[in-house]
Each structure stands twice: as structure tokens, then as C-alpha cells.
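If you want the building blocks of each chain, they are given just below.
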Amino acid sequence: VASAPRAPVAGDMPPLPTVDFSAFMSDEGVVVGDEPTAAQLSCAARINEVCRDDTGFLYMTNFGITDEDVADAFSKSAALFALGDDEKAKLNPYDPVTNLGFSAFASEALNARRPADLREGFKYKNNDVFDNVMRGTPAGFAETCEGFYRKCLAAARRIAVACALALELPSDDSRFFERNFEVVDQCTLQFLHFPPVDAADAVNDDDIATQLRVGEHTDFGMVTLLFHDSVVNGAGLQVKKAATDQVGGAAGGEFDGAEWVEAPGRGGATAVVNTGALMARWTNDEWRGTAHR
């Protein structure tokens, strides 16, 4: 939040649950089409439990991404966002049709009820499908994007298998979610930067009390993996406890004292993972697409 008191949040809330995903990283059990191992069943049951509760957010560890992978991604993105305004103007501008490119500071608003989000970003997608225009990016940035994207995609395929098991889909549908990764034209890698903001310099001064780094929203897709270190880079992520009548994770509650749960990033290769609106739709809202900001 820029120069405004934080909205009420839940007091003394327990931390998000942690899921060790290592059972699905070995080529055995349900991963290779056999009966699931005991460890896979246990992990899947935990995922199901979390995704049916009133937040649907969890920490995930041991899913194929290393601390070094994350450190390199953050280092390269820091170099990108450190470019001057003239250099940033040469980057491929964000295209809402392809969902690719550089988004300038305060050029987007995920919540239409609020002013522009106080952030800038860069989106990258599957090189086999899209032309990721990388002109003007720092040395090594393109290579890091491609490498990190491929590792996250490999993890996503395993997560898709785990989700099918967690939902106890029949054996004929055990690859239902994985089958939707055939073209891979919707999976997006996004780098975000939240520059220091002074109230006097903020966009739309009259509405500064309602400007957030990222406004309330639910994610569009199946799952999101967020890498963030709240100790090093500051906290901020909050998750709204969904009411029983908010299937699908309707946002709302911006100004009505809604209860928001702190979800600090643990840094390194521990991701904050949440389901999105697509998963809510697929599961008839058995798993939520929970609002967050």
C-alpha cells in the first residue's frame, strides 16, 4: 500500500500450510501411469485439503526448482528493471492480445475499482508458440527466461498429475489436467518490480489512499507459483478468506473491513502456490480461485 494504513487483517493467523512435493518428482507411481505410491497419496490428500479450505494458498517445496534458479532469475530481472526510462522505452511493449512484453509502471489495474497498480513487469511465454521479442533486455536475460520457464513448465506438468490424484478423478481421467498442456500457449512467466513510492509522486494523488501495489483479483489460470522473499524484499501479499457464498473467489471487500490473511514469501525455491479461476471452473468451485492482493 502506498502511504495509507493497511486494511484490517486476521490476527494471529497460522502460517500457510507447506506441501513437500518430492513424491511427484520421482519417475514412479502415478507419474508413470502406475498405482500411486503411499507418499503420492499423502501429498495429494494434503493438496486437496488445502485447496478446499477458505484460502486455498500453500507453500510448496521440492518441485524441481533450486535456490540457484530463483536467485539467477531475480538477478537478471533486477538488471532489467534497473534500466533507465529511455532504455525501457526500447523494450517490447506489453501486448494484451499475446500477453507478452514490458508493462510500464502504473500502466495496469487488476482491480477496476482502484487506480493503476504501483508496479512494472515483463511477461514471457512459450518460445515454441510465441515470438518473445527480447530487444533491449540485459545480457543473459533471455537465456534465463527460457531456462526458468522450462523448469517451471516441467513442474507444472507434475502438479497437473498431482491435482488429478488429489481430486480423485477416475483412472481414465488421471491425465485430464496434463492433457491441457499440449499446446502450452497460456502458461506465462512474469517478472514484477515494485519501485519505492512516495505519496507526493504517486499516480492520481486524489486516490492515493486506495492505490495498491496490486489490487484485489483472482488469477485466471489453473495454478500460480509465486517466488518472493518477504524478509529481503518486504511483505505485502494478502489473501482474502472466502465467504461461503463467494464460490470462485469473488474479490470484493476492498473497503468493507474484509478479513485478509498475510501470506509472506519464504524466499529461495519455496513457492507460494494458489489455484485460479480456471481450476475453480474445472472443479465446479470445489477448489477455489481465492482473491488476493
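Scroll up for the structure.
Model, not experiment: these values are computed from the prediction. (Residues numbered from 1 in each chain as written. Predicted model: local features only at pLDDT ≥ 70, side-chain atom pairs only at ≥ 80, totals over all residues. Heavy atoms only, no water.)

(A) Molecular detail of the packing of helix α2 (residues 67-81) against helix α4 (residues 141-166). Contact pair α2 / α4: the axes reach a minimum separation of 10 Å and the direction vectors enclose 145 degrees. The handedness of the crossing between α2 and α4 comes out as left-handed. Across the interface between the two elements, D69, V70, D72, A73, K76, S77 and L80 from α2 touch F141, T144, F148 and K151 from α4. When its residues are assigned to classes, the contact of α2 with α4 shows 5 nonpolar, 2 polar and 4 charged. (Axes fitted to C-alpha atoms, helices over the stretch in contact; angles between N-to-C directions. Helix = DSSP H or I, 4+ residues; strand = E, 2+ residues; numbered from the N terminus. Left-handed = near helix turned anticlockwise from the far one by under 90°. Contact = heavy atoms within 4.5 Å. Nonpolar A, V, L, I, M, F, W, Y, C, P; charged D, E, K, R; others polar.)

(B) Inspection of the side chain of R293 at higher detail. Here R293 shows up in the segment after α7 (277-282). Note on R293: relative accessible area 12%, which makes it buried. One polar contact links R293 to E216, side chain to side chain, over a distance of 2.9 Å. (Buried < 20%, exposed > 50% of the residue type's maximum accessible area, 1.4 Å probe, protein only. Polar contact = N/O pair within 3.5 Å; in protein donor to acceptor, adjacent residues only side chain to side chain.)

(C) How the structure looks around the sheet that holds strand β4 (residues 120-125). Spatially, the 3 strands line up as an open sheet ordered β3-β4-β5, and their pairing is antiparallel. One side of each edge strand has no neighbouring strand; the edge strands of this open sheet are β3 (101-103) and β5 (188-193). Pairs of neighbouring strands in the sheet enclose a mean axial angle of 15 degrees, with direction left out of account. Pairing geometry for β3 and β4, over 3 bridges, is antiparallel. Residue G101 lies in a different strand from β4, and its bridge partner there is K123. Sitting on the sheet, α2 is in contact with β3, β4 and β5, with an inclination near 60 degrees to β5. Relative to β4, α4 is tilted by about 60 degrees, and along the sheet it contacts β4 and β5. (Pairing = 2+ DSSP bridges.)

(D) Looking closely at the sheet that holds strand β1 (residues 18-20). Taken in spatial order, the 4 strands of this open sheet run β1-β2-β9-β6, and their pairing is mixed. Every interior strand has two partners, whereas the edge strands, β1 and β6 (223-226), have only one. Across the sheet, the mean angle from the axis of one strand to that of its neighbour is 30 degrees, orientation sign disregarded. Contacting β1, β2 (57-61) and β9 (271-275), helix α1 (residues 38-51) crosses the sheet at an angle of about 155 degrees to β1.

(E) Fine view of the side chain of S103. Within the secondary structure, S103 is located in strand β3. Residue classification places S103 among the buried residues on the basis of a relative accessible area of 4%. At 3.3 Å, the side chain of S103 forms a polar contact with the side chain of E108. If near-sequence neighbours (up to four positions away) are discounted, S103 is found in contact with Y94, E108, E120 and G121.

(F) Just the layout of surface pockets, in detail. For the second largest pocket, the calculated volume is near 240 Å³. Taken together, 14 residues make up the lining of the second largest pocket; nearest its centre are V30, D34, P36, S171 and S174. Grouping the constituent residues of the lining of the second largest pocket by class yields 7 nonpolar, 3 polar and 4 charged. (1 Å grid on protein atoms, 1.4 Å probe; cavity = no way out; pocket = protein on both sides within 12 Å on 5 of 7 lines; lining within 4 Å. Points joined across faces, edges and corners; volume = space filled by probe spheres on them.)

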